Amino acid sequence: MNKLLGSLLLLGLTTAPAIAKNILDELTVAPGFEISLFADDVENARQLAVSKKGIVYVGSRKAGNVYALIDHNSDGVADKKMLVAEGLNMPSGLAIKDGDLYVGEVHRIIRFKNIDTQLKKPKFEILYDALPSERHHGWKFLRFAPTGELIIPVGVPCNICAEDDRFGRIFALDVETKQIKTIAKGVRNTVGFDFHPATQALWFSDNGRDMMGDDIPPDELNRATQEGEHFGFPYVHAGAIIDPEFGKGKNIADYTSPALTLPAHVAPLGIHFYNGKQFPASYKQQLFVAEHGSWNRSKKSGYKVGLATIEVGRVTKYTPFITGFMKNEITFGRPVAFAELGDGSLLVSDDYANVIYRVSYKKN
């Protein structure tokens, strides 16, 4: 629990659900939409995955837990929370395929077979355990590619350091053969990616290096066009800035430039192409971006959900969608990742407020 919420609870001023409601009151969503609480008191909520039965699974980072949230009456509010696993090594990322829940720890991928049917006594098997054990930027985000491979990022164990083929990569794992390959290089730390529903191109966020000042280098939103592309780290940042330590003698043109540069330190995490039917047609296949927010900038930046409008593979506009997670340097929440419910509403996790929001469109 964050310091603000913990202090209020210790003083007996309110309860956890009441605090969550107070945070909700700070948020503003785009016109025509409404935001509500799908679940509160979900410690350190990170990546989300929704099963065919509509059960929402939630990973965490600091808490070391995996949760299951069940909305029995389908009213848009979870009425039961179950602990699927605890004591794991930063189980931030998870994904579901063919009824199985895959969880990404720092050093391995584990799998819960037929998870919806074994919630009372969940058991897992170790699927792959040859990932690096370094915890710095070691937490994961998982997603299955249209080809069926499990996509796994491994961030660099540093702020800035020499290239190493074990780190700064996005990998694809064949879950049957356990064969793994590199599909993107020069990626400092991505914990958010998605495949375009129509083109199946991989898009991913990337967090730029620190200690170059408040305003450089930009954070990035990238689009991969071929396997094995190099996106610059540690030599070139945001397709334009030569690193003062590692960039000497490097050519900017040798590396793939971002599809969109974002302000420095906004920390884009989860991204998600909307593919549901509830939102207006203009939102179809457009990209939501969770700006988790800066941690070491003299004046805070980020702390919002943005919407990238994409036309023919290019970002033509980037606009705020949810704001108010931070006001006047006071942090109320930090958005992390997205998932769609069966009705087309959008879930947004918040690992600072320990809640999951539900965004729905208010039909006239």
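Sequence order as written defines residue numbering, which begins from 1 separately in each chain. With the structure being a predicted model, the display of local features is reserved for residues of pLDDT at least 70 and the display and counting of side-chain atom pairs for 80 or more, all residues being used for whole-chain, interface and lining totals. Think of the side-chain values as coming from all heavy atoms in the structure, minus any hydrogens and water.

1. Some remarks on empty space enclosed by the protein
- Cavity and pocket criteria rest on a 1 Å grid covering protein atoms alone: a 1.4 Å probe that fits but cannot get out defines a cavity, protein on both sides within 12 Å along at least 5 of 7 lines defines an open pocket, and an atom within 4 Å of a point defines a lining residue. Grid points are joined across faces, edges and corners, and a volume is the space filled by probe spheres set on the points. Overall, the coordinates contain three cavities of 30 Å³ or more when judged by the stated rule.
- Put simply, the second largest cavity is a space of about 70 Å³.
- Taken together, 15 residues make up the lining of the second largest cavity; nearest its centre are D206, G208, E220, F233 and H237.

2. So, the layout of surface pockets
- Of the volumes computed, that of the largest pocket is approximately 840 Å³.
- Forming the boundary of the largest pocket are 36 residues, of which R61, K62, H292, W295 and R334 lie nearest the centre.
- In this structure, the second largest pocket encloses a volume near 670 Å³.
- As for the second largest pocket, its lining consists of 21 residues, and the residues nearest its centre are V50, I96, R143, D194 and H272.
- Helix numbering and strand numbering both begin at the N terminus, where a helix is a DSSP run of H or I of at least 4 residues and a strand a DSSP run of E of at least 2. Elements that contribute at least two residues to the lining of the second largest pocket include exactly β3 (45-50), β7 (93-97), β11 (143-144), β15 (193-195), β22 (268-273) and β28 (335-340).
- The element that contributes the greatest number of residues to the lining of the second largest pocket is β3, accounting for four residues.
- Under the grouping applied here, Gly and all other residues not named as nonpolar or charged are polar, the nonpolar ones being Ala, Val, Leu, Ile, Met, Phe, Trp, Tyr, Cys and Pro and the charged ones Asp, Glu, Lys and Arg. Here the residues of the lining of the second largest pocket sort into 15 nonpolar, three polar and three charged.

3. Focus on the UniProt feature "domain: DUF7133" (unreviewed entry) in the chain
- UniProt positions are given in the numbering used here, feature names are shortened, and annotations may be inferred rather than shown by experiment. According to UniProt, the "domain: DUF7133" (unreviewed entry) feature falls on residues 23-356.
- Summarising residues 23-356: 1% helix, 41% strand, and an end-to-end C-alpha distance of 12 Å.

4. So, the pairing of strand β23 (residues 287-291)
- Only protein chains enter the accessibility calculation, which uses a 1.4 Å probe; a residue is then buried when its area is under 20% of its type maximum, exposed when over 50%, and partly exposed in between. Along β23, five of the five residues are buried, which leaves the element largely enclosed by surrounding structure.
- Residue alternation in β23 divides its side chains into two sets, L287, V289 and E291 and F288 and A290, and both sets are buried.
- Across four bridges, β22 lies against β23 in antiparallel orientation. Counted as the bridge partner of H272 is F288 from β23. Any two strands with at least two DSSP-identified bridges between them are counted as paired.

5. Looking at the packing of aromatic side chains
- Ring pairs are drawn from Phe, Tyr and Trp, using the six-membered ring of Trp, whenever the two centres fall within 6.5 Å, and their geometry is named by plane angle: stacked under 30 degrees, edge-to-face over 60, tilted for the rest. Inspection of the entire model under this criterion finds 18 aromatic pairs.
- With a centroid separation of 5.1 Å and 75° between ring planes, the pair formed by F33 and Y283 is classed as edge-to-face. Taken together, the positions of F33 in strand β2 (residues 33-39) and Y283 in the loop between β22 and β23 put the pair 250 residues apart, joining distant regions of the chain.
- Using a relative accessible area of 5% as the deciding quantity, one classes F33 as buried.
- Residue Y283 is classed as buried on the basis of its relative accessible area, which comes to 13%.
- Taken together, the ring pairs in this structure connect F33, Y274, F279, Y283, F288, F321, F338 and Y361 into an aromatic cluster.
- Working rule: Lys NZ or Arg CZ, within 6 Å of ring centre, within 35 degrees of ring normal, means a charge sits over the ring. Just above the ring of F144 sits the side chain of K97; from NZ or CZ to the centre is 5.8 Å.
- The ring of Y235 carries the charged tip of K250 above its face, separated from the ring centre by 4.3 Å.

6. Here's the deal with the sheet that holds strand β8 (residues 100-104)
- Here we have four strands laid out as an open sheet, ordered β7-β8-β9-β10, and antiparallel in their pairing. The sheet terminates laterally at β7 and β10 (125-128), the two strands that pair on one side only. In this sheet, adjacent strand axes meet at a mean angle of 30° when their direction is disregarded.
- Here strand β9 (residues 109-112) runs beside β10; their pairing, made up of three bridges, is antiparallel. Across the sheet, residue R111 finds its bridge partner in β10, namely E125. Axis geometry follows a simple rule: fit a line to the C-alpha atoms, using only the stretch in contact for helices, then measure angles between N-to-C directions, giving values from 0 to 180 degrees.

7. A short note on the pattern of salt bridges
- Definition used for salt bridges: Asp or Glu carboxyl oxygen within 4 Å of a side-chain nitrogen of Lys or Arg. Enumeration according to the criterion identifies 17 salt bridges in this entry.
- As a salt-bridge pair, D351 and R46 come within 2.9 Å of each other at their nearest N and O atoms. Residue D351 is found in the loop between β29 (346-350) and β30 (355-361), and its partner R46 is found in strand β3; the two are separated by 305 residues along the sequence.
- Relative accessible area serves as the criterion here: at 10%, D351 is assigned to the buried category.
- As a salt-bridge pair, D194 and R143 come within 3.4 Å of each other at their nearest N and O atoms. Within this pair, whereas D194 is found in strand β15, its partner R143 is found in strand β11, the two being separated by 51 residues in sequence.
- Given a relative accessible area of 8%, D194 falls into the buried group.
- Where salt bridges share partners, they join E149, K181 and E227 into one cluster.

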